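# A structural walkthrough
So the chains spell out like this:
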Amino acid sequence: MTCKFHEHADELRTNARALATRGKGILAVDESTPTCGKRLADIGVENTEENRQAYRGMLFTTEGLGNYISGAILFEETLYQKHADGETMVEKLNKQGIIPGIKVDKGLKPLAGGLPHETYCSGLDGLTDRAREYYAAGARFAKWRAVLQISSDGGPSNLAIKENAWGLARYARAVQEAGLVPIVEPEILMDGDHTIGKTAAIQEIVIKEVYSACIENGVLLEGTLLKPSMTCPGADCPTEAGPKEVAEYTIRTLKRTVPAAVPGITFLSGGLSEEAASVYLNEMNLIGGTPWNVAFSYGRALQHSALRGWSGSNLEAGQAAVIARAQANSEAAKGEYVAGSQPSSDEKLFVAGYTY
Ligand code: 13P
């Protein structure tokens, strides 16, 4: 075993614990410029740097956001961007006690040798150097999204599982070298008609492989977070699962696979509606008894109503919507959310073949 001592071990532990503060979660607002463009197109707003600045600046200056949100994941443009009032976005977040994070992967690429639709996540070359630059700009954590799909042609293949787990572990180790807490994200897409039992069986294999690779790479687990998808049936499965069932399967899967040294699990919303994302998370916290904090790192489920409220200029409506979902998910992260107690949308946000 060749495992160098981590220069940043104390800081990594401290920041991972802070991100995993009970009752708080992460705002994922790291959409690449083309994906942000799709979001803005939905509300009839042009995808210009000025509009991205206005939208994200609106989110970050929402009064009280730091009461519910521990960290915000940014796209590179935002990490170096100023708010229209001249302060940097990083300063805006720091003022609220929200830790700035950065998406460091360079996107999904076709996996040669895998099934036709399978991918690996790119961006390892020069990653530690890039991570040092992000650290200097104020980032303290990172995200890398690997994607696996349950498919009727036997996916995910062993190759895809192995390659994506290894990539996540190499990434985690590389950014820890620069003092960034890695969010390890092995997303299993909701595309497909598979049952919840099938998702659970595959997810167990996937997450075990991820931690085996992390251990082999000497990743400091106490200085990481896991960002999994919830254990749900495929979007086209004829048998739907209720919140209790999803929560029970998800917690069972994670208890079987995630080391207790990991301080926090922050789920992605993956196309669930805003309301479902809160209700499922709440159910998991009602089960309780987990060694890790169980919270959220939502993109769509925190931003959907906020985007519509804002619609290009309505600061008040945008901020009212984001704070409502942030508070709801904060309550859900403590098992205290009363369904429907905050304005939300039931609209399913699932898009087949979604790209980030
Ligand atoms: P969703 O919550 O919209 O799935 O996004 C979270 C995320 O950051 C995916 O990488």
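Structure first, text after, so check above.
In what follows, the accompanying structure is described. (Residues numbered from 1 in each chain as written. Predicted model: local features only at pLDDT ≥ 70, side-chain atom pairs only at ≥ 80, totals over all residues. Heavy atoms only, no water.)

## Digging into the sheet that holds strand 8 (residues 225-226)
If you walk around this closed barrel you meet the 8 strands as 1-2-3-6-7-8-9-10, and the pairing is parallel. Where strand 1 (residues 25-29) meets strand 10 (residues 293-298), 2 bridges bridge the pair, whose relative direction is parallel. Bridge pairing in strand 10 places I26 opposite S297. Where helix 3 (residues 49-60) meets the sheet, it contacts strand 1 and strand 2 (69-74), and its direction lies at approximately 170° from that of strand 1. (Pairing = 2+ DSSP bridges. Helix = DSSP H or I, 4+ residues; strand = E, 2+ residues; numbered from the N terminus. Contact = heavy atoms within 4.5 Å. Axes fitted to C-alpha atoms, helices over the stretch in contact; angles between N-to-C directions.)

## Things to note about unusual backbone geometry
Across the junction of G155 and P156, the peptide omega takes the value 0°, indicating a cis bond. By the element assignment, P156 lies in the loop between strand 6 (141-148) and helix 7 (158-176). One non-glycine residue, S311, lies in the positive phi region at around 45°. Position of S311 relative to the elements: it lies in the loop between helix 11 (300-310) and helix 12 (315-332). For S311, a relative accessible area of 40% gives the class partly exposed. (Buried < 20%, exposed > 50% of the residue type's maximum accessible area, 1.4 Å probe, protein only.)

## Describing the site of the ligand
With respect to spatial proximity, 14 residues lie near the ligand, and among them K143, K227, S269, G270 and R300 are the closest. At 2.8 Å, a backbone N or O of G299 approaches an oxygen atom of the ligand. The contact in question runs from an oxygen atom of the ligand to an N or O atom on the side chain of R300, over 2.7 Å. In the complex, 100% of the free accessible area of the ligand, which totals 300 Å², lies under the protein chains. Breaking the shell around the ligand down by element, the ones donating at least two residues are strand 6 and strand 10. Grouping the constituent residues of the shell around the ligand by class yields 4 nonpolar, 4 polar and 6 charged. (Near = heavy atom within 4 Å. Polar contact = N/O pair within 3.5 Å; in protein donor to acceptor, adjacent residues only side chain to side chain. Areas by Shrake-Rupley, 256 points an atom, 1.4 Å probe, with all protein chains shown as cover. Nonpolar A, V, L, I, M, F, W, Y, C, P; charged D, E, K, R; others polar.)

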